[in-house]
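Read off the chains here:
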Amino acid sequence: MFRTSRRNFLKTSSATALALAASQGQFLHASPFGLPVGIQLASVPELLEKDFAGTLRRIASLGYQEVEAAGFYNHSAAEVKKALREAGLVGHSAHYHFDQMTTQMNQILEYCEELGLKYIVCSTPGFKNPARVAHLTPAQQQEAYTLDDWRWNAEQFNQFGEKVKAAGMNFCYHNHTIELHPTSNGAIPLDEMLRLTNPAVMNFQMDCGWILMGGKEPVDYLKRYPGRFVMLHVKDFKASKPKSNGEPAAATELGRGVMDYRAIFEAGGKANLKHYFV
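J.: What am I meant to see in the confidence of the model for the chain here?
T.: In regions of low pLDDT, the predicted coordinates are not meant to be interpreted in detail. This prediction gives the chain a mean pLDDT of 90; 89% of its residues lie at or above 70. Considering only residues more than four positions removed or in separate chains, one finds that residues 9–16, a stretch of pLDDT under 50, has 17 contacts. This stretch, residues 19–28, has a pLDDT under 50; its non-local contacts, to residues over four places away or in other chains, come to 16 contacts.

J.: It is not clear to me how the side chain of T55 should be interpreted in this structure. Could you clarify?
T.: For T55, the position within the fold is in helix α4 (residues 52–61). If sequence neighbours within four positions are ignored, T55 has contacts with V44, L47 and L48.

J.: Would you take a moment to explain the pattern of salt bridges for this structure?
T.: Two side chains carrying opposite charge are able to pair once their charged atoms lie near each other. Tallied over the full model, the rule gives 9 salt bridges. Here E86 makes a salt bridge to K82, at a shortest N to O gap of 2.7 Å. One end of the pair, E86, and the other, K82, are both in helix α5 (residues 77–87), 4 residues apart, so they sit about a helical turn from each other. Relative accessible area serves as the criterion here: at 48%, E86 is assigned to the partly exposed category. Taken together, the shared-partner salt bridges in this structure form one network comprising R151, E192 and R195.

J.: How should α4 be read in this particular structure?
T.: In an α-helix there are 3.6 residues to a turn, and that puts residues three or four apart on one side. Those residues of α4 not exposed but buried are F52, G54, T55, L56 and I59. The N-cap of α4, judged by a side-chain oxygen 2.9 Å from the amide nitrogen of G54 a few residues on, is D51. G63 sits one or two positions beyond α4 and adopts a positive phi of about 110°.

J.: Would you mind showing me how to read the pairing of strand β5 (residues 170–174) here?
T.: Among the 5 residues in β5, 4 count as buried, and that is most of the element. Since β5 and strand β6 (residues 202–207) lie parallel, the crossover through helix α10 (residues 189–196) that links them has a hand, and here it is right-handed.

J.: How do you make sense of the environment of F127 when you look at a structure like this?
T.: With respect to the secondary-structure elements, F127 resides in the loop between β4 (119–122) and α8 (138–142). Residue classification places F127 among the buried positions, given a relative accessible area of 10%. A sequence separation of 17 residues divides F127 from A144, and the C-alpha atoms of the two residues are 9.1 Å apart.

J.: How should I be thinking about the packing of helix α9 (residues 147–166) against α10 in this particular structure?
T.: Helix packing for two helices is described by the angle between their axes and how far apart those axes are. Two numbers describe how α9 lies on α10: the axes approach to 9 Å, and their chain directions differ by 35°. For the crossing formed where α9 meets α10, the hand is right-handed. Residue-level contacts link L147, W150, R151, N153, A154, F157 and N158 of α9 to P189, E192, M193, R195 and L196 of α10. For the contact of α9 with α10, the residue count by class is 7 nonpolar, 2 polar and 3 charged.

Parameters and conventions
Residues numbered from 1 in each chain as written. Predicted model: local features only at pLDDT ≥ 70, side-chain atom pairs only at ≥ 80, totals over all residues. Heavy atoms only, no water. pLDDT = per-residue confidence, 0-100. Contact = heavy atoms within 4.5 Å. Helix = DSSP H or I, 4+ residues; strand = E, 2+ residues; numbered from the N terminus. Salt bridge = Lys/Arg side-chain N within 4 Å of Asp/Glu carboxyl O. Buried < 20%, exposed > 50% of the residue type's maximum accessible area, 1.4 Å probe, protein only. Polar contact = N/O pair within 3.5 Å; in protein donor to acceptor, adjacent residues only side chain to side chain. Right-handed = clockwise from strand over helix to strand, strands pointing away. Axes fitted to C-alpha atoms, helices over the stretch in contact; angles between N-to-C directions. Left-handed = near helix turned anticlockwise from the far one by under 90°. Nonpolar A, V, L, I, M, F, W, Y, C, P; charged D, E, K, R; others polar.

Okay, here's the thing in structure tokens:
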């Protein structure tokens, strides 16, 4: 259900990101927080599928230093580790859907531990009772989460976090826009999960763009919850609000849109951030 928003964003933005940077000969020298510049590999799925190792080398040539995975394209951990090493990149985290976390946890932990990752990130929530929404379309399901579902997710994330921590890694949850939409009683799901999750075993990866498209301000969350957002996703949009049909505003290359990353980075510099990914 969350793949559509990611696909739409990629179609309008990141499919041209590498070509644009290469054609202009631009390299990434600015480094907010004194941290290496990272990229979410979901930005270039078609290229990775065609030439995994070659795409990593190209990413490194543009100035990126770290990567976050969202799939490994049937490569073994040893193969991925070798490709990263030869490209001069460091892999720190990987995204997995909720269903993967619940059904493949042992395999995920084994793979990521062999790869040497520091973070495992859950990129979608689950339903407490999946049968309740089985008859709904994906779009309808995205709006069908109740406050009980979100509180149940917080419980699951605490359990995920304990298992990930026991394996020597850290667990995070990555937001989209739905976590910012008030429930029927006015509660904000993201705030509820921040309240109910244990910072000793799990934290959050803030997607700054989806926070804005959800009607909230990234700076506000960074200031209100210092230390809970340990990683950022940075993307940009041509408008600060969703379209009239509820779809996110049109995406654009980072720095060409409306996102005020100067203020976000200033707040993030005081929030104990560990990594950030374009």
